[in-house]
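Structural characterization, general
Here is how the chains run, residue by residue.
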Amino acid sequence: MEATYSVKKTSDFRLGLQAGLSIAIGYMPVALTFGLLARTTGLTFAETVLMSVFVYAGAAQYISLSLIAVGTGVVEIVLTTLIVNIRHFLMSASLTERLEEHQLYKKLMTAFGVTDETFSVISTQAGKIRTAFAAGVMIISYGSWVVFSGVGHLMGDVMPGFLQVSMSIALYAMFVGLLVPSMKKSVKVTYLAAVAAAVNSLLIFYTDLSGGWSIVASTLVSSLLVEWVWQMKGRNHRG
């Protein structure tokens, strides 16, 4: 019986690796670009890899680079990362409800491995989710992100200097690439981006807030304001 149980767990893990392979492949170009941009921003190889090891949040890491580039303080960067990734609390809670019963440390590891992509793959499984399957999906995805972040940084050694400097433009292109598809799917996102940009501009030009704090404040204000307007619209339609 013990041997059968062990074989099943190994099989679940292998299935997870197979299911996560497409995520790992998709992470490669994004992680490579992150590594290159991190080098351009001034991060060392160790700092780049360690950010991917401990933060492991694509969009938040890109935002952190832009904040580091303008000299933003640690507190502002941490708060911005928290706001950007706060949805992960909900995703982790959702997965915990469907995962097999296991120890607290395994729950914490699972929560750390949650990204938009891993959550989508794992949550589509029917019935109770096997812990070994979730581990397989997360490990191969995490490994891809960390490894290719480092590879991207090393690529700067063979890349001409003028190309490395021009890579800073890719940071803004990445933000546009993340934003535009979401704006097409939801008009709410369009309003959110517009309000956040307007509030951030006002704070920068008419207050003494630093760039990092203005981003944190504009993100919070725009989120609360747009959500309040949407709630009011919903009540009016129901009334």
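The structure presented is a predicted model; accordingly, all values stated were derived computationally and were not measured.

Some details on the overall build of the chain
- Scanning the chain from N- to C-terminus turns up 11 helices and 0 strands.
- In the chain, the succession of α and β elements from N to C terminus is α-α-α-α-α-α-α-α-α-α-α.
- Taking all 239 residues of the chain together, 33% fall into the buried category.
- Across the chain, the fraction of contacts at a sequence separation of at least 24, relative to all contacts at a separation of at least 6, is 77%.

Some words on the nonpolar core
- Ranked by internal contacts, the top residues of the largest apolar core, which has 24 residues, are F34, L65, L95, V114, I122, V137 and W145.
- Tallying contributions element by element places helix α1 (residues 2–41) first for this core, with 6 residues.
- Discounting residues that sit within four places of it in the chain, V137 has contacts with G16, L17, A19, G20, I23, T118, V121 and I122.

So, the packing of helix α2 (residues 45–54) against helix α8 (residues 131–155)
- Packing of α2 against α8 brings their axes to within 9 Å, and their N-to-C directions diverge by 160°. Considered as vectors, α2 and α8 are oriented roughly antiparallel to each other. Crossing angle aside, the handedness with which α2 passes α8 is right-handed. For the pair formed by α2 and α8, the contact residues are F45, T48, V49, S52 and V53 on the first element and Y142, W145, V146, S149, G150, H153 and L154 on the second.

Description of the confidence of the model for the chain
- Overall, the predicted model of the chain reaches an average pLDDT of 81, with 83% of residues at or above 70.
- Confidence scores differ between elements of the chain, with helix α9 (residues 161–185) showing the lowest mean pLDDT of 63 and α2 the highest of 96.
- Here residues 1–7 scores under 50 on pLDDT; set against residues more than four positions off or in separate chains, the count is 0 contacts.

Some remarks on the side chain of S92
- Considering the arrangement of structural elements, one finds S92 in helix α5 (residues 87–98).
- Excluding residues within four positions of it along the chain, S92 makes contact with A111 and V114.

Details of the pattern of salt bridges
- Following the criterion strictly, the structure yields 3 salt bridges and no others.
- Across the pair D12 and R130 runs a salt bridge, and its minimum N-O distance is 3.3 Å. Here the residue D12 occupies a position in helix α1, and R130 occupies one in the loop between α7 (116–123) and α8, the gap between them amounting to 118 residues.
- Overall, the relative accessible area of 5% leaves D12 in the buried class.

Reading the values: the criteria
Residues numbered from 1 in each chain as written. Predicted model: local features only at pLDDT ≥ 70, side-chain atom pairs only at ≥ 80, totals over all residues. Heavy atoms only, no water. Helix = DSSP H or I, 4+ residues; strand = E, 2+ residues; numbered from the N terminus. Buried < 20%, exposed > 50% of the residue type's maximum accessible area, 1.4 Å probe, protein only. Contact = heavy atoms within 4.5 Å. Core = buried A, V, L, I, M, F, W, Y, C linked by side-chain atoms within 4.5 Å. Axes fitted to C-alpha atoms, helices over the stretch in contact; angles between N-to-C directions. Parallel < 35°, antiparallel > 145°, perpendicular 65-115°, else oblique. Left-handed = near helix turned anticlockwise from the far one by under 90°. pLDDT = per-residue confidence, 0-100. Salt bridge = Lys/Arg side-chain N within 4 Å of Asp/Glu carboxyl O.

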